[in-house]
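# Observations on the three-dimensional arrangement
Residue strings, one per chain:
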Amino acid sequence: MIATGFTGGTLDRADHMRHDADALAAAIGNWQARLLKLEGWEPEVTEDGRLGWTMLTEASDEAEFVLLGLDEGRPRFAAYEPAAGAAPPFRSPSLFGMLDQLQEGEAATFAAARSVLDWHARHRFCASCGGPTRMFRAGWARRCDNCNSEHFPRVDPVVIMIAEHDGRALLGRQPSWPAGRYSALAGFVEPGESLEEAVRREIAEEAGVRVGEVRYVASQPWPFPSQLMIACVGIAEGDALTIDRNELETAGWFTRDEVRASLAGEDAPFTAPPRYAIAHTLLTEWARG
């Protein structure tokens with residue numbers, strides 16, 4: 001199994017408790033219950049790379065508790081604060097630094113909490129009738145007070161891929177990225193297409209390259225706000241590029257030696273994506289051949 005960022009969580013998600021109001025109430029009242037410490041939308045990280053936790057009494061009176069799961073039987077919660085609003089569209093440099101510090105599995109808990117809390121903030125009203133919704137199922141669903149429709153946290157599938165041709169990988173960069181950084185191409189899966197079709201379409205749209213065979217490599221949750229990144233490699237039929245400047249600043253082909261050097265932090269023609277991003281994992285697996 002290929003380990004990717006934001007995976008490897010150790011909490012038991014305790015689905016049975018999501019349907020049991022009495023069990024949930026008992027968990028909230030349990031003296032061992034703990035609340036994930038968030039400053040805005042960023043976690044508190046201890047010196048040893050673990051998430052910070054506090055007592056449930058630290059939440060505001062308006063807070064609603066989302067059951068993240070059980071840690072060896074001990075309840076773990078996140079607090080949805082209605083007044084906080086949705087998460088910002090950007091990620092701060094301090095958050096990137098925290099993610100690099102977290103021990104294995106800790107980022108998975110943060111990812112789940114951030115995604116579901118942001119979903120609550122964005123789904124206060126029913127998509128069917130516009131009526132107000134309220135939390136149920138221990139914070140893993142909302143129900144409309146008007147039409148009784150039930151809504152569940154959504155996850156948007158995104159393909160992230162490199163095209164391979166003659167022992168080289170196609171990578172691109174966006175102008176908002178740090179200078180010199182290149183990464184895999186990516187795009188949302190559209191209704192009515194398979195993952196393989198999405199890979200072929202996105203590479204053709206962004207770089208003008210036709211792809212035949214597509215193979216799956218690994219997947220990763222991405223909590224900004226809530227995607228499932230699906231990493232693939234596509235075999236290109238040619239290497240001529242026609243770059244969509246609306247999507248990419250530039251793109252190019254890189255050899256395995258160049259990719260290996262970049263991943264190792266050595267002198268290379270580009271800077272690799274950060275380790276917690278699945279693009280880093282994808283390049284690592286491709287570089288191994």
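Now for a quick tour of the structure. (Residues numbered from 1 in each chain as written. Predicted model: local features only at pLDDT ≥ 70, side-chain atom pairs only at ≥ 80, totals over all residues. Heavy atoms only, no water.)

### Looking at the sheet that holds strand β7 (residues 133-136)
Two orientations exist for strands paired in a sheet by backbone hydrogen bonds: parallel and antiparallel. Taken together, three strands build an open sheet; the order of strands is β7-β8-β9 and the sheet is antiparallel. Taken across any chain shown, the strands that pair with only one partner, and hence form the sheet edges, are β7 and β9 (150-151). Summarising the sheet, strand β8 (residues 141-144) and β9 pair through two bridges and their orientation is antiparallel. Pairing of Arg143 across the sheet is with Glu150, part of β9. Against the sheet, helix α4 (residues 106-122) engages β7, β8 and β9, with an angle of about 15° to β8. (Pairing = 2+ DSSP bridges. Helix = DSSP H or I, 4+ residues; strand = E, 2+ residues; numbered from the N terminus. Contact = heavy atoms within 4.5 Å. Axes fitted to C-alpha atoms, helices over the stretch in contact; angles between N-to-C directions.)

### Remarks on the pairing of strand β6 (residues 74-80)
Successive side chains on a regular strand alternate, one facing one side of the sheet and the next facing the other. Most of β6 sits out of view: six of its seven residues are buried. Pairing between strand β1 (residues 34-36) and β6: two bridges, direction parallel. Within the sheet, the bridge partner assigned to Arg34 lies in β6 and is Arg76. The hairpin turn running from strand β5 (residues 64-71) into β6, its antiparallel successor, is two residues long, and Glu72 in that turn takes a positive phi close to 50°. (Buried < 20%, exposed > 50% of the residue type's maximum accessible area, 1.4 Å probe, protein only.)

### Quick word on the packing of helix α6 (residues 256-263) against helix α7 (residues 278-287)
At a minimum axis separation of 9 Å, α6 and α7 run at an interaxial angle of 135°. Judged on the interaxial angle alone, α7 and α6 are oblique. Viewed along their axes, α6 and α7 form a crossing whose handedness is left-handed. In contact with Arg256, Val259, Arg260 and Leu263 of α6, α7 contributes His280, Leu283, Thr284, Trp286 and Ala287. A breakdown of the residues in the contact of α6 with α7 according to their chemical character gives five nonpolar, two polar and two charged. (Parallel < 35°, antiparallel > 145°, perpendicular 65-115°, else oblique. Left-handed = near helix turned anticlockwise from the far one by under 90°. Nonpolar A, V, L, I, M, F, W, Y, C, P; charged D, E, K, R; others polar.)

### Here's the deal with the layout of surface pockets
Regions of empty space are outlined by a rolling probe, equal in size to a water molecule, passed over the atoms. By volume, the largest pocket amounts to about 1100 Å³. Forming the walls of the largest pocket are 42 residues, and the residues nearest its centre are Arg91, Gln174, Trp177, Trp222 and Met229. Counting only elements with at least two residues in the lining of the largest pocket, the list comes to α4, β10 (156-165), β12 (185-188), α5 (195-207), β13 (211-222), β14 (227-236) and α7. In the lining of the largest pocket, the residues fall into 25 nonpolar, seven polar and 10 charged. The space that makes up the second largest pocket amounts to roughly 610 Å³. If you go around the second largest pocket, you meet 30 residues; those closest to its centre are Arg13, Ala111, Ala112, Ser115 and Pro221. Among the secondary structure elements, those contributing two or more residues to the lining of the second largest pocket are α4, β13 and β14. If one sorts the elements of the lining of the second largest pocket by residue count, α4 sits on top with nine residues. Residues belonging to the lining of the second largest pocket are distributed by class as follows: 16 nonpolar, nine polar and five charged. (1 Å grid on protein atoms, 1.4 Å probe; cavity = no way out; pocket = protein on both sides within 12 Å on 5 of 7 lines; lining within 4 Å. Points joined across faces, edges and corners; volume = space filled by probe spheres on them.)

### Regarding the state of the cysteines
Scanning the model with the defined rule gives zero disulfides in all. We note that Cys126 lacks a disulfide partner, and the nearest cysteine sulfur, in Cys147, lies 3.7 Å from it. Take Cys126: its relative accessible area is 6%, and that puts it in the buried class. (Disulfide = S-S within 2.5 Å.)

### As for the sheet that holds strand β4 (residues 53-54)
The strand order across the open sheet built from four strands is β4-β1-β6-β5, with neighbouring strands paired in mixed fashion. With partners counted over all chains shown, the strands left at the sheet margins are β4 and β5, one partner each. Sheet strands touched by helix α2 (residues 21-29): β5 and β6. Its angle to β6, the strand with the most contacts, is close to 90°.

### What to know about α4
Because each turn of an α-helix spans 3.6 residues, side chains separated by three or four positions in sequence point in the same direction. With 17 residues, α4 ought to run about 24 Å at 1.5 Å a step, and its terminal C-alpha atoms sit 25 Å apart, in line with that. For α4, a buried count of 16 out of 17 residues is recorded, marking the element as mostly surrounded by other parts of the structure. (Expected span 1.5 Å × (residues − 1).)

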